[in-house]
Amino acid sequence: MRQFAFYCTKTLRKTFNPVRKKDNFLVFGSPKIENNEIQEVVDTLKSTWLGTGPKVNLFEKEFNQYKDGEYYPVAVSSCTAALHLSLVASGVTRGDEFITTPLTFCSTLNAIIHAGGVPVLADIDPVTYNIDPAEIEKKVNEKTKAIVPVHLNGRCCEMEKIKMIAENHNLKIIEDCAHAIESEHQGKKAGTFGDFSCFSFYATKNLTTAEGGMILAKSEEDAKRLKTLALHGMSNDAWKRYSDEGYKHYLVKECGFKYNMTDLQAAIGIHQLRRIEENWERRKEIWDFYRNSFSSFPVRTPAEVPNGDKHGYHIFNILVDDKVCGINRDQFLNEMTRHNIGVGVHYLSIPEHPFYQNHLDWNADDYPLAKTVGRQTVSLPLSAKLSDKDIEDVIKAVSQILA
Ligand SMILES: Cc1ncc(COP(=O)(O)O)c(C=O)c1O
């Protein structure tokens with residue numbers, strides 16, 4: 001691959017050849033699904049139970065072991081559901097403030113609003129793109145209930161500083177680990193710093209169950225409540241109700257939600273989890289190769305991973321600054337599509353969206369660092385499924401567009 005990068009920069013910039021054939025579009029975030037997942041799904045379909053059952057239990061157990069077994073796992077239907085439940089379980093009362101980042105997916109914010117909280121934004125660190133602890137400190141007041149850090153792209157936030165702020169002001173921490181299944185900060189796994197942590201198994205994530213999520217709760221009591229809340233607030237879960245122990249009456253203990261994971265989803269997750277490190281190794285290889293290949297290009301690549309940290313390598317982004325590249329981000333996205341390469345944006349900053357402008361009176365200019373990154377960022381394909389040829393095609397396309 002190295003020789004190819006040299007070839008790209010020296011030769012291909014001069015000529016334009018379509019990189020990929022029209023019928024061969026490289027889908028962004030396409031997951032690597034193997035036979036074990038397929039067999040397990042078929043096995044589940046042929047079994048007597050599709051809902052929340054033994055496979056969900058096994059997936060929870062193995063996920064928790066992967067995370068060093070310090071917390072209590074609760075599998076749910078999405079990370080959005082995980083965030084919503086965790087916020088409710090944190091004991092939010094109307095008007096409580098939750099400090100989070102402006103550079104995240106909308107569901108981090110929406111979950112806070114749905115739980116009855118008030119989101120408060122603290123701008124990002126321009127190097128890591130994660131929430132800046134110094135900005136958090138400025139936003140803390142007597143109404144602050146919790147900090148909701150997001151380990152963006154798979155890079156951990158500065159958790160020792162965030163923990164210190166939380167301890168000093170008696171705040172909870174709810175980690176958004178949607179991008180950070182494999183990530184570690186100073187030897188400690190992402191999702192084991194806060195009171196709750198929320199993972200996503202959406203179709204494009206490092207581990208997928210098509211749709212799905214997991215909460216790790218620090219306290220067993222919280223985990224029990226989360227399980228109840230995830231299934232309408234009922235005292236016994238549906239699996240127990242229909243098990244061979246005979247019919248079990250349930251009692252509704254509180255007004256819950258319908259956020260449980262099914263055995264069909266867990267069937268995929270169990271095998272995805274068993275290959276998590278193998279897939280991580282492949283994405284690291286691609287990440288390192290992209291970083292080296294783009295080092296002479298007029299784009300910014302992700303910052304170096306700090307010693308002692310493990311990056312989740314979920315999203316590889318470049319910043320396309322029109323003043324430097326002669327092309328703006330949206331033109332670049334269109335060009336990549338024309339080259340048949342799928343790309344993403346993670347993310348336009350939250351205050352750019354009309355809902356938050358209209359309902360919270362937010363202005364993107366008040367969070368200038370997130371605004372700039374959000375307007376320049378482009379996510380390139382990064383999946384364990386990519387072949388060497390796919391990666392070469394991505395580099396060739398970027399090279400031709402920027403030539
Ligand atoms: C940072 C972040 N938080 C939360 C979510 C929500 O995840 P899910 O789609 O599983 O609800 C996503 C999804 O992309 C995300 O990127």
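Because the structure is a prediction, the values reported are computed rather than measured.

**Some points on the overall build of the protein**
- The helix and strand tally for the protein stands at 16 helices and 11 strands.
- Over its C-alpha atoms the protein spans a radius of gyration of 22 Å, differing by no more than 12% from the 22 Å that the globule rule assigns to 403 residues.
- A principal-axis box enclosing the C-alpha atoms of the protein has dimensions of 75 × 55 × 40 Å.
- In the protein, which comprises 403 residues, the share counted as buried stands at 48%.
- Counting contacts in the protein only where the partners sit at least 6 residues apart, residues at least 24 apart contribute 72% of the total.

**Thoughts on the site of the ligand**
- For the ligand, the set of nearby residues contains 14 residues, the closest of which are Ser78, Cys79, Thr80, Ala178 and Ser200.
- Mapped onto the shell around the ligand, the elements with two or more residues apiece are α4 (79–89) and α5 (106–114).
- Its residues assigned to classes, the shell around the ligand comprises five nonpolar, eight polar and one charged.

**Some points on the domain arrangement of the protein**
- The domain architecture assigned to the protein consists of domain 1 (2–31 + 276–402) and domain 2 (35–274).
- Its C-alpha centre places domain 1 at a distance of 27 Å from the equivalent point of domain 2.
- At the junction of the two partners, domain 1 supplies 28 residues and domain 2 supplies 34 residues.
- Broken down by secondary-structure element, the contributors of at least two residues to the side of domain 1 that touches domain 2 are α11 (276–293) and α15 (368–376).
- Sort the elements by how many residues they give to the side of domain 1 that touches domain 2 and α15 lands first, with four residues.
- Its residues assigned to classes, the side of domain 1 that touches domain 2 comprises 15 nonpolar, 11 polar and two charged.

**What to know about helix α7 (residues 159–169)**
- Among all positions of α7, only Met159, Ile162 and Ala166 are buried. In a view along the axis of α7, the buried residues occupy a sector of 65 degrees, so they form one face of it. Summarising the geometry of α7, the exposed residues directed more than 90 degrees from the buried face are Glu160, Glu167 and Asn168.
- Summarising the contacts, the buried residues of α7 are in contact with α6 (133–139), β4 (144–148), β5 (172–176) and β6 (184–185).
- Asn170 sits one or two positions beyond α7 and adopts a positive phi of about 55 degrees.

**Concerning the environment of Asn57**
- Along the chain, Asn57 turns up in helix α3 (residues 54–66).
- A count of 15 C-beta atoms within 10 Å places Asn57 in the partly exposed class.
- The spacing of Asn57 and Glu182 is 125 residues in sequence and 21 Å in space, taken between C-alpha atoms.

**Considerations on the packing of α4 against helix α8 (residues 220–230)**
- Axis separation between α4 and α8 bottoms out at 10 Å; the angle between their running directions is 125 degrees. Taken together, the axes of α4 and α8 lie oblique to each other. The element α4 and its partner α8 pack so that their crossing is right-handed. For the pair formed by α4 and α8, the contact residues are Leu85, Val88 and Ala89 on the first element and Asp222, Arg225, Leu226, Leu229 and Ala230 on the second.
- Partitioning the contact of α4 with α8 into residue classes produces six nonpolar, no polar and two charged.

**Overview of α4**
- Among the 11 residues of α4, 11 are classified as buried, and the element is accordingly described as predominantly covered.
- Considered for burial, the residues of α4 that qualify are Cys79, Thr80, Ala81, Ala82, Leu83, His84, Leu85, Ser86, Leu87, Val88 and Ala89.
- Of the surrounding secondary structure, the elements contacted by the buried residues of α4 are β1 (72–76), α5, β5, β8 (196–200), β9 (213–217) and α8.
- At the exit of α4 stands Gly91, carrying a positive phi of roughly 85 degrees.

**Digging into the sheet that holds strand β3 (residues 118–121)**
- The seven strands are arranged β1-β9-β8-β5-β4-β2-β3 in an open sheet whose pairing can be described as mixed. Two strands lie at the open edges of the sheet, namely β1 and β3, each paired on one side alone. Adjacent strand axes in the sheet meet at a mean angle of 25 degrees when their direction is disregarded.
- Sheet topology note: the β8/β9 ladder contains five bridges and is antiparallel. Along β9, the bridge assignment pairs Cys198 with Ile215.
- Those strands touched by α3 are β1 and β9, and its axis lies near 135 degrees from that of β1.

**A short note on the pairing of β9**
- Buried residues dominate β9, accounting for five of its five residues.
- Neither face of β9 is left uncovered, since the one carrying Gly213, Ile215 and Ala217 and the one carrying Met214 and Leu216 both have all their residues buried.
- Pairing geometry for β1 and β9, over five bridges, is antiparallel. Bridge assignment links Val76 to a residue of β9, and that residue is Gly213.

**Points about the nonpolar core**
- Grouped together as the largest cluster of nonpolar side chains are 77 residues, with contacts concentrated most on Val76, Ala82, Leu85 and Ile215.
- Taken domain by domain, the makeup of this core includes at least three residues from each of domain 1 (2–31 + 276–402) and domain 2 (35–274).

**Focus: the environment of Glu137**
- You can see Glu137 is positioned in helix α6.
- With 16 C-beta atoms counted inside 10 Å, the residue Glu137 sits in the partly exposed group.
- The spatial distance from the C-alpha of Glu137 to the C-alpha of Lys205 is 31 Å, given a sequence separation of 68 residues.

Reading guide: rules and limits
Residues numbered from 1 in each chain as written. Predicted model: local features only at pLDDT ≥ 70, side-chain atom pairs only at ≥ 80, totals over all residues. Helix = DSSP H or I, 4+ residues; strand = E, 2+ residues; numbered from the N terminus. Rg over C-alpha atoms; globule rule 2.2 N^0.38 Å. Buried ≥ 20, exposed ≤ 12 C-beta atoms within 10 Å, placed from the backbone. Contact = placed C-beta atoms within 7 Å. Near = placed C-beta within 6 Å. Nonpolar A, V, L, I, M, F, W, Y, C, P; charged D, E, K, R; others polar. Domains from an automatic or database assignment. Arc of directions from axis to C-beta. Axes fitted to C-alpha atoms, helices over the stretch in contact; angles between N-to-C directions. Parallel < 35°, antiparallel > 145°, perpendicular 65-115°, else oblique. Left-handed = near helix turned anticlockwise from the far one by under 90°. Pairing = 2+ DSSP bridges. Core = buried A, V, L, I, M, F, W, Y, C linked by C-beta atoms within 7 Å.

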